[in-house]
Amino acid sequence: MFADAVLSRRLVSAETLRTFGMGQGGRRGVAQCRATLELADDHSRSAWESRLRVFYQLRAGLPRPQVNVPLFDRTGRLLGIADLFDEDAAFVCEFDGQDHRQRRQHRADNVREEGLEATGLTVVRADSLDLRHFPEELERRLRSGWQQKD
């Protein structure tokens with residue numbers, strides 16, 4: 001999402017964008033611009049991650065997650081940085097881009113996921129194929145994973 005990219009690079013503040021959007025009255029596209037700004041997040045690191053977050057909220061109907069949050073175990077050891085995180089649901093959603101298919105990265109992903117799950121978190125992984133070709137299945141997986149609360 002363009003708004004995420006602009007915000008994450010600190011090219012403009014969220015407040016400036018919102019002020020601009022509010023000052024445009026009923027001009028064409030303003031309602032869509034305002035809706036986009038409500039979904040925008042300055043912690044997003046990639047366009048696909050942004051797409052997943054928007055899907056997570058709008059299609060799966062899940063509450064706004066925290067984005068790129070460092071997660072630690074009880075001893076303070078970093079377990080990983082969650083792409084999407086819902087603390088109340090103990091739920092992590094990860095987007096796997098192209099680099100996650102390389103063997104060393106895949107291994108590191110597995111180790112990180114096992115560490116997160118060992119603390120009681122539920123992890124769901126997704127990639128562009130899920131978003132493009134299997135949205136119904138991804139929606140079901142997200143809702144199922146999110147509902148696994150203790």
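This text goes with the structure placed above it.
Residues numbered from 1 in each chain as written. Predicted model: local features only at pLDDT ≥ 70, side-chain atom pairs only at ≥ 80, totals over all residues. Heavy atoms only, no water.

S.K.: I keep staring at the packing of helix α4 (residues 47–59) against helix α7 (residues 135–146) and nothing clicks. Help me out?
M.R.: Angle between the axes and distance between the axes: these two values describe a pair of packed helices. In the contact formed by α4 and α7, the axes pass within 10 Å of each other and the chain directions differ by 75°. With respect to each other, α4 and α7 are oriented roughly perpendicular. Where α4 approaches α7, its residues L52, F55, Y56 and R59 are matched on the opposing element by P135, E136, L138, E139, L142, R143 and W146. A breakdown of the residues in the contact of α4 with α7 according to their chemical character gives 7 nonpolar, no polar and 4 charged. (Axes fitted to C-alpha atoms, helices over the stretch in contact; angles between N-to-C directions. Helix = DSSP H or I, 4+ residues; strand = E, 2+ residues; numbered from the N terminus. Parallel < 35°, antiparallel > 145°, perpendicular 65-115°, else oblique. Contact = heavy atoms within 4.5 Å. Nonpolar A, V, L, I, M, F, W, Y, C, P; charged D, E, K, R; others polar.)

S.K.: Explain the side chain of E139 here, please?
M.R.: Here E139 is to be found in helix α7. If we ignore the near neighbours within four places in the chain, the residues touching E139 are F55, R59 and A60.

S.K.: How should the pattern of salt bridges be read in this particular structure?
M.R.: When their charged atoms lie close together, side chains carrying opposite charge are able to pair. For the structure on display, the rule yields 10 salt bridges. Here D73 and R77 are joined by a salt bridge, their closest N and O atoms 3.2 Å apart. Given the relative accessible area of 18%, D73 is considered buried. Each of E94, D96, D109, R112, E113 and R125 takes part in salt bridges that share partners, so that together they form one network. (Salt bridge = Lys/Arg side-chain N within 4 Å of Asp/Glu carboxyl O. Buried < 20%, exposed > 50% of the residue type's maximum accessible area, 1.4 Å probe, protein only.)

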